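Geometric and topological summary
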Amino acid sequence: MLSCKINDLLELRLLENRHAEEMFLLVDSNRGRLREWLPWLDNTVSVEQCREFIRMSLKAFAENNGLYLGIFHQGRLAGCVSLNNIDWSNRKTTIGYWLSEDFEGRGTMTAACRTLIDYIFHELLLNRVEIRAAVQNTKSRAIPERLGFVQEGIVRQAEWLYDHYVDHVVYGMLKEEWA
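Residues numbered from 1 in each chain as written. Predicted model: local features only at pLDDT ≥ 70, side-chain atom pairs only at ≥ 80, totals over all residues. Heavy atoms only, no water.

An unreviewed UniProt entry annotates the chain as RimJ/RimL family protein N-acetyltransferase originating from Paenibacillus sambharensis.

Some details on the UniProt feature "domain: N-acetyltransferase" (unreviewed entry) in the chain
Taken from the UniProt record, the annotation "domain: N-acetyltransferase" (unreviewed entry) applies to residues 24-176. The distance from the first to the last C-alpha atom of residues 24-176 is 38 Å, and the span holds 33% helix and 38% strand. (UniProt positions renumbered as here; feature names shortened; annotations may be inferred. Helix = DSSP H or I, 4+ residues; strand = E, 2+ residues; numbered from the N terminus.)

A look at the nonpolar core
Membership of the largest hydrophobic core comes to 35 residues, with the highest contact counts inside it found for Val 81, Ile 95, Cys 113 and Leu 116. Listing elements by their share of this core, those giving two or more residues are strand 2 (10-14), strand 3 (66-73), strand 4 (76-87), strand 5 (92-99), helix 4 (108-122), strand 6 (128-134) and strand 8 (164-174). The element contributing the most residues to this core is helix 4, with nine residues. Excluding anything up to four places from it in sequence, Ile 95 contacts Val 81, Ser 82, Leu 83, Asn 84, Cys 113, Leu 116, Ile 117, Ile 120, Val 129, Glu 130 and Ile 131. (Core = buried A, V, L, I, M, F, W, Y, C linked by side-chain atoms within 4.5 Å. Buried < 20%, exposed > 50% of the residue type's maximum accessible area, 1.4 Å probe, protein only. Contact = heavy atoms within 4.5 Å.)

Concerning the pattern of salt bridges
This structure, assessed with the given rule, holds 15 salt bridges. Glu 130 serves as the salt-bridge partner of Arg 128, at 2.9 Å between the closest nitrogen and oxygen. On the basis of relative accessibility, which here comes to 16%, the residue Arg 128 falls in the buried class. A salt bridge links Arg 132 to Glu 130; the shortest N-O distance between them is 3.1 Å. When its relative accessible area of 12% is taken as the criterion, Glu 130 is described as buried. (Salt bridge = Lys/Arg side-chain N within 4 Å of Asp/Glu carboxyl O.)

Brief notes about the sheet that holds strand 6
Overall, mixed pairing links the eight strands, which are arranged 1-2-3-4-5-6-8-7 in an open sheet. With partners counted over all chains shown, the strands left at the sheet margins are strand 1 (3-5) and strand 7 (150-161), one partner each. Strand-to-strand twist of the sheet, defined as the mean angle between neighbouring strand axes without regard to direction, takes the value 25°. Summarising the sheet, strand 5 and strand 6 pair through four bridges and their orientation is parallel. By the bridge assignment, Thr 93 is partnered in strand 6 with Val 129. Running over the sheet, helix 3 (residues 47-62) touches strand 2 and strand 3 and is turned about 125° from strand 3. (Pairing = 2+ DSSP bridges. Axes fitted to C-alpha atoms, helices over the stretch in contact; angles between N-to-C directions.)

Things to note about the side chain of Arg 13
Mapped onto the secondary structure, Arg 13 falls in strand 2. Polar side-chain contacts of Arg 13 include one of 3.2 Å to the side chain of Glu 11. Beyond its immediate chain neighbours, meaning those up to four positions away, Arg 13 contacts Leu 2, Ser 3, Arg 18, His 19, Tyr 68, Leu 69, Gly 70, Phe 72 and Gly 75. (Polar contact = N/O pair within 3.5 Å; in protein donor to acceptor, adjacent residues only side chain to side chain.)

Some remarks on the packing of aromatic side chains
Following the criterion strictly, the structure yields four aromatic pairs and no others. Their ring planes at 70° and their centres at 4.8 Å tell us that Trp 160 and Tyr 165 sit as a pair that is edge-to-face. Look at Trp 160 and you get partly exposed, because its relative accessible area is 44%. The exposure class assigned to Tyr 165 is partly exposed, which follows from its relative accessible area of 46%. Residue placement shows Arg 13 over the ring face of Phe 72; its charged tip is 3.9 Å from the ring centre. A cation over a ring is seen here: Arg 35 above Tyr 162, with NZ or CZ 3.7 Å from the ring centre. (Phe/Tyr/Trp six-rings, centres within 6.5 Å; stacked < 30°, edge-to-face > 60°. Lys NZ or Arg CZ within 6 Å of the ring centre and 35° of its normal.)

Right under this line is the structure:
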């Protein structure tokens, strides 16, 4: 998937080097709220670091081991959604995402994830997809819940966020369950 139109306003596109500055400005303007739930914010303090992230994500794509997409609203970067570490032997992957505050509450991330899940099951022919979110991150948890994922459990102290651990809720969807 290099690009995919979601609707008249939204498109998923493979992140490219030319998106680094726009990505950094978006991350930087949302730093305070994103830092509450994402562990990589303190390591993303320059355009060059975004370029390096995009370079690594393109390498993962070329090696068929990941997919990092920008969510574009009328051509403007609104956030990102990704497949992290595709496990081909077990035919599964994990979705990660973040969204600018300007685009919250519009169904943007739900639509992006729905499109990506269709791709996962119908194009990549994977069997399972997971979404994990911190127990207290109700906005992030609402995405898999809206999409009909099954809450499968809680992983205790799953992630270190700067000065404390957070527990993660694990949501799963199987190909046979995806309508």
